[in-house]
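Chains, contacts and geometry: an overview
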Amino acid sequence: MRGILIWFVVSVWLFALPADIQYFLNKSKLPSKDVSIYIKELGSDRVVASLNADKIRKPASVIKVVTAYGALLKMGFDYRWPTQFYTNGALHSGSLEGDLVVKGHGDPSFGSDDLPEIVEQIKQRGIHQIHGDVVIDRSYFDVGDKDSAHFDNYPYSAYNAWPDAMMFNERTSTVCITPRKKSAHKEIEDPSYKVVNRVKFVNRSCRGKYAWAGSKVDMQSPVPQLILTGELSKHCKERQVCKIVTKPYKAFYYALKEALEKEGIKITGGLKLSRVPPSAKLFYIHRSEPLEEIISKALKESNNIYARHLLLLTGAKVYGAPATVEKGRKAVINLLKSQGALRSGAFFLDNGSGLSRRSEMSARMFSEVYESAYRVLGTRWMETLSIAGKDGTIKQRYRYKPAQKRAWMKTGTLKYVKNIGGYVKDRAGNYYSVVILVNTKRGRFRAVELQDSIINWLAQSRKTPNEDSAKRASKQVDRPATIETKEASSTPKKGKKTSGNYYIQIASVTKKPDSHYLSKIEKSGFSYKVVYEKRYKVLIGGYPSRESAQKALPKIRQKFNKGAFIVTR
């Protein structure tokens with residue numbers, strides 16, 4: 001009896017994993033409880049592999065696909081983020097006797113490269129000098145006035161940037177270090193922060209610890225300071241240090257003022273924060289690149305501030321300004337549910353970027369999102385993800401591997417978290433949604449090895465993955481030869497009479513199930529059969545329709561295996 005119990009526990013652990021994937025999992029030496037795998041063929045009900053598919057895990061940046069899909073459902077690929085420019089005063093002989101007013105709507109891509117076009121529009125308006133202030137309206141977002149998310153011990157690194165309706169250069173300030181001149185200067189003249197250069201320039205080779213300067217940010221000073229430290233070889237080329245130091249609206253004001261003055265347009269006033277006055281007149285709307293490009297950067301480069309702003313924008317578009325995180329969460333969830341995604345359990349989106357340990361989601365839920373997004377948005381959506389061996393976070397990871405240009409993925413990494421999810425196209429032209437979530441303390445490198453083995457294995461398949469050639473599998477992804485598929489018993493044993501092509505799989509094991517276990521199924525009134533496909537699979541059924549199998553599933557899960565699932569034969 002004890003042997004039967006042990007066999008049953010093992011069967012629960014192994015269920016629904018093809019022999020190849022089980023081999024990769026064993027080879028990785030990761031505990032199976034730390035791994036969730038869900039692979040499903042798009043456009044069909046066929047699940048290729050499932051392990052801990054409903055276990056809630058920390059998704060890290062893979063959650064960005066949820067945010068991005070919600071934004072596209074509401075705004076579409078071609079939406080462009082506006083930044084509005086007004087005059088509030090009379091224009092006489094080229095002199096604006098009043099204020100230049102700017103309203104930000106949270107364009108996360110807004111930055112220095114946009115200034116020439118803005119300056120040109122101001123010149124075309126006939127403005128040659130401004131006798132007033134630059135008034136900035138940041139009211140479109142209601143997110144507080146923090147600088148950093150303070151997620152980890154590097155609060156002033158770019159990935160920690162806090163959202164702002166008047167975003168500029170992604171909230172980062174850039175300082176350029178010129179070793180041969182032993183100097184450092186701001187890329188944009190911005191008096192709202194100071195640079196303190198404590199770098200020691202040494203006559204060493206530009207490598208190792210002498211290849212980069214250190215830095216730290218002091219926000220407690222009356223004027224924030226970016227302090228450069230360490231030893232840097234004087235033989236190095238120019239180095240840039242990018243940190244969160246000042247407010248984005250201040251950086252924008254000083255950059256705009258400098259750009260205008262270069263064109264001979266002087267501003268006599270200063271910077272003010274206020275809503276757009278009713279008397280102000282709109283004269284120009286600067287628009288971002290299409291949302292498709294912004295989402296591509298958010299997903300391919302895993303840009304946190306882009307993802308945060310997408311969540312906020314979606315909330316404002318659905319529920320009205322000002323944008324809040326709560327509105328964004330609610331809007332994205334409802335939009336995805338309207339398309340049949342997010343059906344498989346509870347989850348938490350948090351800030352939409354993945355820079356969170358509060359976000360939670362299962363592999364099956366991610367698969368629902370990927371399948372829904374592909375059905376609704378097609379390959380245009382897929383192309384916003386990182387393309388294996390070509391761009392984004394997996395540009396190098398799959399180069400010269402079977403998955404190169406055959407996988408479209410979003411990665412996610414935190415301490416003890418290494419995840420990946422997206423699409424894989426096999427050699428026969430079939431597409432699959434693939435989600436592999438690993439939350440472990442046993443080493444992220446093991447997770448990467450497991451994920452890459454599975455994705456490459458699937459990408460090089462030319463048939464149904466669990467029927468693929470053993471020779472090709474062992475050559476491409478380093479696994480032993482598999483055994484040819486054959487059926488040990490082609491007809492259900494006695495029990496409750498059923499007939500049809502739908503079955504419920506309750507076990508998949510290497511050793512043939514013993515008679516005691518099978519008699520338990522029989523005594524419970526169920527018809528079953530055992531088939532041998534690289535391992536022994538125990539199937540209850542068959543049922544004439546998916547609906548009838550679905551109806552029987554809860555009872556079978558309760559009696560035999562809570563991870564049981566429906567298959568067709």
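A few points on the structure. What you see is a predicted model; the values in this text were computed from it and never measured.

The next thing to look at is the state of the cysteines. Linking two cysteines covalently through their sulfur atoms gives a disulfide. Enumeration over the complete set of coordinates arrives at one disulfide. The disulfide partner of cysteine 206 is cysteine 236, and the gap between their sulfur atoms is 1.9 Å. A torsion of 110° about the S-S bond marks the disulfide between cysteine 206 and cysteine 236 as right-handed. On the criterion of sequence distance, the pair formed by cysteine 206 in the loop between strand E10 (200–202) and strand E11 (214–218) and cysteine 236 in the loop between strand E13 (231–233) and strand E14 (239–243) is long-range, its members being 30 residues apart. Residue classification places cysteine 206 among the partly exposed residues on the basis of a relative accessible area of 28%. Cysteine 236 sits in the buried class, given a relative accessible area of 6%. In this model cysteine 176 remains outside any disulfide bridge; the closest cysteine sulfur is found in cysteine 242, 8.0 Å from its own. Residue cysteine 176 is classed as buried on the basis of its relative accessible area of 4%. Taking relative accessible area as the criterion, cysteine 242 reaches 37% and is therefore assigned partly exposed.

All right, on to the packing of aromatic side chains then. Within the structure shown, the criterion is met by 14 aromatic pairs. Plain terms: the ring middles of phenylalanine 110 and phenylalanine 168 are 6.0 Å apart, the flat faces sit at 65° to each other, and that makes the pair edge-to-face. Linking phenylalanine 110 in the loop between strand E4 (95–104) and helix H4 (115–124) with phenylalanine 168 in the loop between strand E6 (134–137) and strand E7 (173–178), this pair joins segments that are 58 residues apart in sequence. On the basis of relative accessible area, phenylalanine 110 is assigned to the buried category, the value being 1%. Owing to a relative accessible area of 1%, phenylalanine 168 belongs among the buried residues under this scheme. Taken together through their ring pairs, the aromatic side chains of Tyr370, Tyr374, Trp408, Tyr423 and Tyr431 make up a single cluster. A cation over an aromatic ring shows up here: lysine 146 above the ring of tryptophan 162, its NZ or CZ 4.1 Å from the ring centre. Lying across the ring of tyrosine 193, lysine 186 places its NZ or CZ 4.3 Å from the centre.

The next subject is the sheet that holds E7. As a general point, the strands of a sheet are linked pairwise by backbone hydrogen bonds and lie either parallel or antiparallel. Across the sheet, three strands lie side by side as E8-E7-E14; this open sheet has antiparallel pairing. Across the chains shown, the open sheet's two edge strands, defined by having one partner strand only, are strand E8 (183–186) and E14. Averaged over all pairs of adjacent strands, the angle between their axes in this sheet comes to 25°, without regard to strand direction. Of the strand pairs in this sheet, E7 and E14 are connected by five bridges, and their pairing is antiparallel. The partner of cysteine 176 across the bridge, within E14, is glutamine 240.

About the thresholds
Residues numbered from 1 in each chain as written. Predicted model: local features only at pLDDT ≥ 70, side-chain atom pairs only at ≥ 80, totals over all residues. Heavy atoms only, no water. Disulfide = S-S within 2.5 Å. Helix = DSSP H or I, 4+ residues; strand = E, 2+ residues; numbered from the N terminus. Buried < 20%, exposed > 50% of the residue type's maximum accessible area, 1.4 Å probe, protein only. Phe/Tyr/Trp six-rings, centres within 6.5 Å; stacked < 30°, edge-to-face > 60°. Lys NZ or Arg CZ within 6 Å of the ring centre and 35° of its normal. Pairing = 2+ DSSP bridges. Axes fitted to C-alpha atoms, helices over the stretch in contact; angles between N-to-C directions.

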